[in-house]
Amino acid sequence: MRDLSRRELLQRVGAAGIVLGGAAAVARLRYDPGLVSAAASKERPQTRDYRLREAPAELAQLAVAKNDPEPEALVRKAVEALGGMKRFISRGDIVVVKPNIGWDRTPIQAANTNPRVVAEVVKLAFDAGAKRVVVTDASCNEPGRCFQRSGIWKATYDVGAEVVLPAAHRFRGMRLKGEVLDEWPVYTPLINADKVINVPVAKHHNLSRYTAAMKNWYGSLGGRRNRLHQNIDVSIADLATFMQPTLTIVDGFRVLMRNGPQGGNVADAKEMRTVIASVDQVAADAYGCQLIGRTAEEIPYIRMAHERGLGTMQWKDLRWVEV
């Protein structure tokens, strides 16, 4: 074998560097689904806005149902105060109901949405004429256990819902183009619907202080979403920019007052017998945080969403009613 000249040696080292650099870049993109190419960054964001365009002046924009011992009755009262479910659902609609089914917890621990609240929302959607009602979430813990132990799987299946568990093939990359969330794998059942009803549970969160409507969109993402916690308030505002539901119904029947979002100790939860319904997810959170003794001004992501024009943190400025 002949000796390499200095010129040949430098050329071969340079070529190897290019190959290795390219391979590293490809591997990095495959490893981290949150990254986006420079070309994709120049394109428009892919948002989902399911809100109704018409807002009759005689109807409430936020309704709070209180003090009934039956969760189903609270849901019906709150939705009826907004004009009824037929205001939101048309005959033949495919409706996705998005509760919080994030945790391997039972209803009494109040880490997930109350199954009776979710089931009543499903029933109302069918009664309004929905063709299909899909209940789904991208859980944090093992999905099978979360769906089963939360009670949501059985409660909603029994009233005719199609219960969909998360799986790898149900995610696809979308350009959210937020400050933190640029391109990210999104859960496709939530973006292939005619109407989306967000049904979170109101509770304490050790990082964001309070979580309900806007934070519930974490369950629309795949990938390594735990890294979003490094900038949780901005990421929640980004998600609220990406996803705007037809209707928000906040379960405040039993509220996790501390040690959220997972909880675990029954003594950390308190029965509040409240359901909030609104066409404004920012206002729903601004009202709901009072259930754990907070004000909207104390929750940074609520202020950010307000400043982005996604809704109002001044919920008293809306047409609101208590029933």
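Just so it is clear, the structure is predicted and the values come from calculations on it, not from any experiment. (Residues numbered from 1 in each chain as written. Predicted model: local features only at pLDDT ≥ 70, side-chain atom pairs only at ≥ 80, totals over all residues. Heavy atoms only, no water.)

J.: So what's going on with the overall build of the chain? Residues and values would help.
T.: Regarding its fold elements, the chain presents 9 helices and 14 strands. Burial statistics for the chain: of 323 residues in total, 52% are counted as buried. Taking all contacts inside the chain whose residues are at least 6 apart in sequence as the whole, residues at least 24 apart take part in 73%. (Helix = DSSP H or I, 4+ residues; strand = E, 2+ residues; numbered from the N terminus. Buried < 20%, exposed > 50% of the residue type's maximum accessible area, 1.4 Å probe, protein only. Contact = heavy atoms within 4.5 Å.)

J.: Could you give an account of the packing of aromatic side chains, with specific residues and numbers?
T.: Throughout the structure, instances matching the rule amount to 4 aromatic pairs. Both rings, one in Y287 and one in W315, keep their centres 4.8 Å apart while their planes meet at 80°; by these two values the pair is edge-to-face. Of the two residues, Y287 sits in helix 8 (residues 281-288) while W315 sits in the loop between helix 9 (300-307) and strand 14 (320-322), which places them 28 residues apart along the sequence. By relative accessible area, which is 8% here, Y287 ends up buried. In this structure W315 comes out as buried when scored by relative accessible area, which is 10%. Where W315 meets W320, the ring centres are 4.9 Å apart and the plane angle is 85°; that geometry is what we call edge-to-face. An aromatic cluster of at least three residues, connected via ring pairs, comprises Y287, W315 and W320. Sitting above the plane of the Y218 ring, K215 keeps its charged end 4.0 Å from the centroid. (Phe/Tyr/Trp six-rings, centres within 6.5 Å; stacked < 30°, edge-to-face > 60°. Lys NZ or Arg CZ within 6 Å of the ring centre and 35° of its normal.)

J.: Give a description of empty space enclosed by the protein that names residues and reports values.
T.: Within this structure, the stated rule accounts for 1 cavity of 30 Å³ or more. Taken as a whole, the largest cavity encloses approximately 30 Å³ of empty space. Along the walls of the largest cavity sit P107, A110, N112, N114, D251, F253 and R254, which together make up its complete lining. Residues that form the lining of the largest cavity fall into these classes: 3 nonpolar, 2 polar and 2 charged. (1 Å grid on protein atoms, 1.4 Å probe; cavity = no way out; pocket = protein on both sides within 12 Å on 5 of 7 lines; lining within 4 Å. Points joined across faces, edges and corners; volume = space filled by probe spheres on them. Nonpolar A, V, L, I, M, F, W, Y, C, P; charged D, E, K, R; others polar.)

J.: If you had to explain the side chain of K215 to someone new, which residues and values would you point to?
T.: Tracing the chain through its elements places K215 in the loop between strand 10 (209-211) and helix 7 (232-242). It is D137 that comes nearest to the buried, bridge-free K215 among opposite-charge side chains, at 9.5 Å. Sequence-distant contacts of K215, that is, excluding residues within four places in its chain, are made with H205, I232 and I236. (Lys, Arg positive; Asp, Glu negative; His and termini not counted. Salt bridge = Lys/Arg side-chain N within 4 Å of Asp/Glu carboxyl O.)

J.: Quick one: what's the story with unusual backbone geometry, residue by residue and with numbers?
T.: At the junction of G260 and P261, the peptide bond is cis and its omega measures out at 15° in the coordinates. Residue position: P261 is located in the loop between strand 12 (247-256) and strand 13 (269-278). We note that N67 has phi near 70°; this positive angle belongs to a residue other than glycine. One can find N67 in the loop between strand 2 (62-66) and helix 3 (71-81).

J.: For the pattern of salt bridges, give the residues involved together with the corresponding values.
T.: Close approach of charged atoms allows side chains with opposite charge to pair. In this structure the tally under the stated criterion is 20 salt bridges. Of the charged contacts in the structure, one is a salt bridge between K66 and E322, with a shortest N-O distance of 3.7 Å. Placement of the pair is K66 in strand 2 and E322 in strand 14, with a sequence separation of 256 residues. D93 is the salt-bridge partner of K195, the closest N and O atoms lying 2.7 Å from each other. Here K195 is found in strand 8 (residues 195-199), whereas its partner D93 is found in the loop between helix 3 and strand 3 (94-99), with 102 residues between them in sequence. The pair formed by K195 and D93 is uniform in burial state, with each residue classed as buried. Taken together, the shared-partner salt bridges in this structure form one network comprising D49, R51 and R53.

J.: Go over the nonpolar core, please, and point to the residues and values.
T.: In terms of nonpolar packing, the biggest core is built from 50 residues, with L62, L176, Y210, M214, L221 and I302 touching the most fellow members. The set of elements that each furnish at least two residues to this core consists of strand 2, strand 7 (183-187), helix 7, strand 12, helix 8 and helix 9. Apart from the residues within four sequence positions on either side, L62 is in contact with L82, I276, A277, S278, A283, A284, Y287, W315, L318, R319, W320 and V321. Counting 36 residues, the second-largest nonpolar core is a separate cluster that includes M85, A128, C146 and F253. (Core = buried A, V, L, I, M, F, W, Y, C linked by side-chain atoms within 4.5 Å.)

J.: With reference to specific residues and values, describe the packing of helix 3 against helix 4 (residues 115-127).
T.: Following both chains from N to C, one finds helix 3 and helix 4 inclined at 45°, their axes separated by 8 Å at the closest point. As far as their axial angle goes, helix 4 and helix 3 are oblique. For helix 3 against helix 4, the interelement crossing comes out right-handed. Here helix 3 contributes P71, E72, V75, R76 and V79 to the contact with helix 4, which in turn contributes R116, V117, E120, V121 and L124. (Axes fitted to C-alpha atoms, helices over the stretch in contact; angles between N-to-C directions. Parallel < 35°, antiparallel > 145°, perpendicular 65-115°, else oblique. Left-handed = near helix turned anticlockwise from the far one by under 90°.)

That's the geometry; what it means functionally is another story.
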